[in-house]
Amino acid sequence: MSADIPTAVAAIRLGVQALRAHALADTADHQDLAEVLAALYDDRHDRRDGSVLGLLSALITDLGIRIGDQIDEGAAETVDEAAGYVQDAAGSRLERARALLTAPPTEG
């Protein structure tokens, strides 16, 4: 394994730990939680490539393209499906939760 891969994973781990610390701090409120959800996935203002899941989905998509070009189209389709699950299934659910956290309280 290339030495760059463990370094990249360590950087991601540090980033995730920082997001976790922000969201789970003793003083964290609904806005702090919404901010972390937006960092994970935010489809507002075309920020998909700036979110954690958007970046992860883009990487998985690129891997699928490379696999399809060089190795196996069937495996590439499976990898592409995984990218879709990250972006669409997980992302849309996180976006819904973020919207609920930031919605004005309803009266009644």
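Residues numbered from 1 in each chain as written. Predicted model: local features only at pLDDT ≥ 70, side-chain atom pairs only at ≥ 80, totals over all residues. Heavy atoms only, no water.

**Some details on the overall build of the chain**
And step 1. Broken down by element type, the chain carries four helices and zero strands.
And step 2. In terms of overall dimensions, the chain is more spread out than a globule: its C-alpha atoms have a radius of gyration of 17 Å, far above the 13 Å expected for 108 residues.
And step 3. With respect to the principal axes defined by its C-alpha atoms, the chain has extents near 60 × 30 × 20 Å.
And step 4. Long-range contacts, defined as pairs at least 24 residues apart, comprise 47% of the intrachain contacts of the chain with a sequence gap of at least 6.
And step 5. Total accessible area on the chain is roughly 7,700 Å²; 59% of this is exposed by carbon and sulfur atoms.
And step 6. Here the chain holds 9 positive side-chain charges and 19 negative ones, and the gap between their average locations is 4 Å. (Helix = DSSP H or I, 4+ residues; strand = E, 2+ residues; numbered from the N terminus. Rg over C-alpha atoms; globule rule 2.2 N^0.38 Å. Contact = heavy atoms within 4.5 Å. Areas by Shrake-Rupley, 256 points an atom, 1.4 Å probe, with all protein chains shown as cover. Lys, Arg positive; Asp, Glu negative; His and termini not counted. Charge placed at Lys NZ, Arg CZ, Asp CG, Glu CD.)

**Here's the deal with the pattern of salt bridges**
And step 1. According to the stated counting rule, one finds one salt bridge in the structure shown.
And step 2. Note that arginine 98 and glutamate 95 form a salt bridge whose closest N and O atoms lie 2.6 Å from each other. A residue pair is termed a helical-turn pair when its members lie 3 or 4 positions apart in one helix, as arginine 98 and glutamate 95 do in helix H4 (residues 73–102) at three residues. (Salt bridge = Lys/Arg side-chain N within 4 Å of Asp/Glu carboxyl O.)

**Quick notes on the confidence of the model for the chain**
And step 1. Residues at a pLDDT of 70 or more form 93% of the chain, whose mean pLDDT is 87.
And step 2. Highest mean pLDDT in the chain belongs to helix H1 (residues 4–24) (94); lowest belongs to H4 (88). (pLDDT = per-residue confidence, 0-100.)

**Some thoughts on the packing of H1 against helix H2 (residues 30–40)**
And step 1. Put simply, H1 and H2 touch, their axes get as near as 8 Å, and they point 155° apart. Looking at the two axes, H1 sits roughly antiparallel to H2. Judged by the sense of rotation from one axis to the other, the crossing of H1 with H2 is left-handed. Across the interface between the two elements, Leu19, His22 and Ala23 from H1 touch Asp32, Leu33, Glu35, Val36, Ala39 and Leu40 from H2. (Axes fitted to C-alpha atoms, helices over the stretch in contact; angles between N-to-C directions. Parallel < 35°, antiparallel > 145°, perpendicular 65-115°, else oblique. Left-handed = near helix turned anticlockwise from the far one by under 90°.)

**Here's the deal with the packing of helix H3 (residues 52–70) against H4**
And step 1. One way to put it is that H3 packs onto H4 with a least axis distance of 7 Å and a crossing angle of 170°. Considering their axes alone, H3 and H4 lie roughly antiparallel with respect to each other. On H4, the residues touching Leu53, Gly54, Leu56, Ser57, Ile60, Thr61, Leu63, Gly64, Ile67 and Gly68 of H3 are Glu73, Ala75, Ala76, Val79, Asp80, Ala82, Ala83, Val86, Gln87, Ala90, Gly91 and Leu94.
And step 2. Looking at the contact of H3 with H4 residue by residue, the class counts come to 13 nonpolar, seven polar and two charged. (Nonpolar A, V, L, I, M, F, W, Y, C, P; charged D, E, K, R; others polar.)

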